[in-house]
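# Remarks on the overall topology
This is what each chain is made of:
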Amino acid sequence: MQKTELKILGISSGHTSTSYTLILEEKNGSRKLPIIIGAFEAQAIAIEIEKIVPVRPMTHDLFKSLSESFDIKVKEVIIHRLHEGIFYAHVVCANGTREHEIDARTSDAIAIALRFKCPIFTYESILQDAGIILSDLEAEELEKDEKRSRKSPSAKTSAEKPADLAKQSMDDLKKLLDEAIEVENYILAAKLRDEIRRREEGKEGDNG
């Protein structure tokens, strides 16, 4: 069957406080593949995208360390089946002599793919069945929603609303960032880090 490579477009908030929508897009096309994932998996994907280092290794980081310790590489991830609204994935692993396809939840498979920097594929038949094409307005709304979704419902710091961040000093933002990482709230940590980066870049511009 014909495979199509996908890239991660973003993560937006889902219909409940514990769900998110991962949006994948075909690499050389305009069709999007929305996949509902849980909050933990959303964080696991978000921290790798944002290059945030957790205090202790997360489950997917442990999988990567174990695999590399035994010279096992992840070659690719394939979203190979769609049944009753549920996507099924294979993680394709190899150790130089043998290759295996390991069944995995799609969200876990993508979190692993990010850590191994390997490609993500699906089949044309799945894109035909579940792929969507967003209008320019819908794509803009998705981008805004993805930024809003970086705040996890389980945040345990005082920066609960986007407006609150503008009132915080740089020292407070950095303290909140450390707290967010400590409680493993990596979606909020990404949001705080972006605010710190925005201010630092603005300061550099003023000095220029």
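Whatever comes next refers back to the structure up there.
Below or above, wherever it landed, is the structure these notes cover. (Residues numbered from 1 in each chain as written. Predicted model: local features only at pLDDT ≥ 70, side-chain atom pairs only at ≥ 80, totals over all residues. Heavy atoms only, no water.)

The next subject is the packing of helix H1 (residues 39-49) against helix H3 (residues 106-116). Taken N-terminus to C-terminus, the directions of H1 and H3 make an angle of 15 degrees; their axes are 9 Å apart at the nearest point. The angle between H1 and H3 places the two elements in the roughly parallel class. Every pair of crossing elements has a handedness; the one defined by H1 and H3 is left-handed. On H3, the residues that touch Glu41, Ala44, Ile45, Ile47, Glu48 and Ile49 of H1 are Ser107, Asp108, Ile110, Ala111, Leu114 and Arg115. In terms of residue class, the contact of H1 with H3 is made up of seven nonpolar, one polar and four charged. (Axes fitted to C-alpha atoms, helices over the stretch in contact; angles between N-to-C directions. Helix = DSSP H or I, 4+ residues; strand = E, 2+ residues; numbered from the N terminus. Parallel < 35°, antiparallel > 145°, perpendicular 65-115°, else oblique. Left-handed = near helix turned anticlockwise from the far one by under 90°. Contact = heavy atoms within 4.5 Å. Nonpolar A, V, L, I, M, F, W, Y, C, P; charged D, E, K, R; others polar.)

Our focus in this paragraph is the packing of aromatic side chains. The full count for this structure, using the stated rule, is one aromatic pair. Considering the side-chain rings of phenylalanine 63 and phenylalanine 116, the 6.3 Å spacing of their centres and the 75 degrees angle between planes classify their relative orientation as edge-to-face. Of this pair, phenylalanine 63 sits in helix H2 (residues 59-69) while phenylalanine 116 sits in helix H3, and the two are 53 residues apart along the sequence. Residue classification places phenylalanine 63 among the partly exposed positions, given a relative accessible area of 28%. Taking the ring centre of phenylalanine 116 as reference, the NZ or CZ of lysine 64 above it sits at 5.7 Å. (Phe/Tyr/Trp six-rings, centres within 6.5 Å; stacked < 30°, edge-to-face > 60°. Buried < 20%, exposed > 50% of the residue type's maximum accessible area, 1.4 Å probe, protein only. Lys NZ or Arg CZ within 6 Å of the ring centre and 35° of its normal.)

Let us now look at a nonpolar patch on the surface. There is a patch of nonpolar side chains on the surface, built from Leu62, Leu66, Phe70 and Ile72 and spanning about 400 Å² of accessible area. Residue classification places leucine 62 among the partly exposed residues on the basis of a relative accessible area of 48%. (Patch = residues over 30% accessible without salt bridge, like charges linked within 9 Å, V, L, I, M, F, W, Y side chains within 5 Å. Areas by Shrake-Rupley, 256 points an atom, 1.4 Å probe, with all protein chains shown as cover. Salt bridge = Lys/Arg side-chain N within 4 Å of Asp/Glu carboxyl O.)

Here we come to the side chain of aspartate 108. Looking at where aspartate 108 falls in the secondary structure, it is placed in helix H3. A relative accessible area of 17% means that aspartate 108 is categorised as buried. A distance of 2.9 Å separates a polar atom in the side chain of aspartate 108 from a polar atom in the side chain of histidine 60. Every residue in contact with aspartate 108, bar those within four places of it in the chain, is listed here: Glu41 and His60. (Polar contact = N/O pair within 3.5 Å; in protein donor to acceptor, adjacent residues only side chain to side chain.)

All quantities given are derived from atomic positions and should not be read as evidence of function.
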